[in-house]
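Take a look at the letters that make up each chain.
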Amino acid sequence: MVEKLFTPVTIGDFTVQHRIALAPLTRFRAYDTTQVPKDFVADYYAQRASCQGFLITEATSVHEDAACYEGSPGIYSEEQVIAWKEVTRRVHENGGKIFMQIWHVGRAMHSSLLNGKQTVSSSAVRSSDPVRGKYLEAMGRRESEVPRQLREDEIPGIVHQYVTAAENAIRAGFDGVEIHGANGYLVDQFLRDGELQGN
């Protein structure tokens, strides 16, 4: 069984040399105001690709209103695409393959990080989880807020954010894209019976 870990496997259109992958791990290594990955992010992923492995990035925001944590990266601006190009270049130089995980956090955000705009979700239901983040904790704002339920006519705009983010990821050189659909973030908020109310 262990021997199988070190045998090649085909994923979609490409083959990796073994079956050990780097799962998405939140690193908080982007600039807070721009969500552009810092220069050493390329080093981080390149080091983990040194054995010709398969990597998935940390969750990366599809829009400026989609991020939950300070320091998490985005893929909605040209500046972000340029920074990610260096990451993918370095990973590919080391023989690795890399997917980008994209997300919108929905109600897991706090309005103080949205310039006062209300958070959005599948329903106007407050999360039982506290909002996390170094600035929010410093301000003592940890309680989640009641989000605004997205209107049906707004949903295509959110879908478009995901499409644009995926296109940007491919332009940045990623081998594929994974949509974060768990852990109580926006996609998951539409899938959970207890959180989806109404239409």
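The present account deals with the structure reproduced in this document.

Considerations on the packing of helix α2 (residues 40-48) against helix α3 (residues 78-93)
Argument step 1. For the pair α2 and α3, the least separation of the axes is 8 Å and the interaxial angle reads 25 degrees. The orientation of α2 with respect to α3, classified from their angle, is roughly parallel. As for how α2 packs across α3, the hand of that crossing is right-handed. Residues V41, A42, D43, Y45 and A46 of α2 pack against W84, E86, V87, R90 and V91 of α3.
Argument step 2. Class assignment of the residues belonging to the contact of α2 with α3 gives a composition of 7 nonpolar, no polar and 3 charged.

Considerations on the pairing of strand β4 (residues 54-61)
Argument step 1. A large share of β4 lies buried, amounting to 8 of its 8 residues.
Argument step 2. For strand β3 (residues 21-22) and β4, the ladder comprises 2 bridges, and the chain directions are parallel. Of the residues in β4, the one forming a bridge with A21 is F54.
Argument step 3. Handedness of the β-α-β unit built from β3, α2 and β4 comes out right-handed.
Argument step 4. As defined by bridge partners, β4 adjoins strand β5 (residues 97-103) across 6 bridges and the pair is classed as parallel.

Some words on α2
Argument step 1. Among the residues of α2, those classed as buried are V41, A42, Y44, Y45 and A46.
Argument step 2. For α2, the secondary structure elements touched by its buried residues are β3, β4, α3 and β5.

Details of the nonpolar core
Argument step 1. If you look at the biggest cluster of nonpolar residues, it comprises 26 residues, and the most contacted ones within it are Y45, I75, W84 and V87.
Argument step 2. The set of elements that each furnish at least two residues to this core consists of α2, α3, β5 and α5 (155-171).
Argument step 3. Discounting chain neighbours no more than four positions away, the residues touching V87 are V41, A42, Y45 and I98.

Some words on the pairing of β5
Regular strands have side chains that alternate between both faces of the sheet.
Argument step 1. Where burial is concerned, most of β5 is hidden: 6 out of the 7 residues are buried.
Argument step 2. Tracing the backbone out of β4, into α3 and back to the parallel element β5 gives a crossover that is right-handed.
Argument step 3. Pairing of β5 with strand β8 (residues 176-179) involves 4 bridges; the strand directions are parallel. Counted as the bridge partner of M100 is V177 from β8.

Observations regarding the environment of E86
Argument step 1. Secondary-structure assignment places E86 in helix α3.
Argument step 2. Remark: the alpha-carbon pair of E86 and D43, spanning 43 residues in sequence, is separated by 9.5 Å.
Argument step 3. Looking at E86, its side chain comes within polar contact range of the side chain of R89, at 2.6 Å.

Section: the packing of aromatic side chains
Argument step 1. The tally for this structure, following the rule as stated, stands at 7 aromatic pairs.
Argument step 2. Ring geometry for F14 versus F99: centroids 5.9 Å apart, planes at 70 degrees, classification edge-to-face. Placement of the pair is F14 in strand β2 (residues 14-16) and F99 in strand β5, with a sequence separation of 85 residues. Side by side, F14 and F99 carry an identical accessibility label, which is buried.
Argument step 3. Pairing W103 with Y185 gives two aromatic rings, centres 4.6 Å apart and planes at 70 degrees, and the pair type is edge-to-face. Placement of W103 in strand β5 and of Y185 in the loop between β8 and α6 (186-191) is noted, with a sequence separation of 82 residues between them.
Argument step 4. Directly above the ring of Y31 sits K38, whose terminal nitrogen or CZ lies 5.3 Å from the centroid.

How each quantity is defined
- Residues numbered from 1 in each chain as written.
- Predicted model: local features only at pLDDT ≥ 70, side-chain atom pairs only at ≥ 80, totals over all residues.
- Heavy atoms only, no water.
- Axes fitted to C-alpha atoms, helices over the stretch in contact; angles between N-to-C directions.
- Helix = DSSP H or I, 4+ residues; strand = E, 2+ residues; numbered from the N terminus.
- Parallel < 35°, antiparallel > 145°, perpendicular 65-115°, else oblique.
- Left-handed = near helix turned anticlockwise from the far one by under 90°.
- Contact = heavy atoms within 4.5 Å.
- Nonpolar A, V, L, I, M, F, W, Y, C, P; charged D, E, K, R; others polar.
- Buried < 20%, exposed > 50% of the residue type's maximum accessible area, 1.4 Å probe, protein only.
- Pairing = 2+ DSSP bridges.
- Right-handed = clockwise from strand over helix to strand, strands pointing away.
- Core = buried A, V, L, I, M, F, W, Y, C linked by side-chain atoms within 4.5 Å.
- Polar contact = N/O pair within 3.5 Å; in protein donor to acceptor, adjacent residues only side chain to side chain.
- Phe/Tyr/Trp six-rings, centres within 6.5 Å; stacked < 30°, edge-to-face > 60°.
- Lys NZ or Arg CZ within 6 Å of the ring centre and 35° of its normal.

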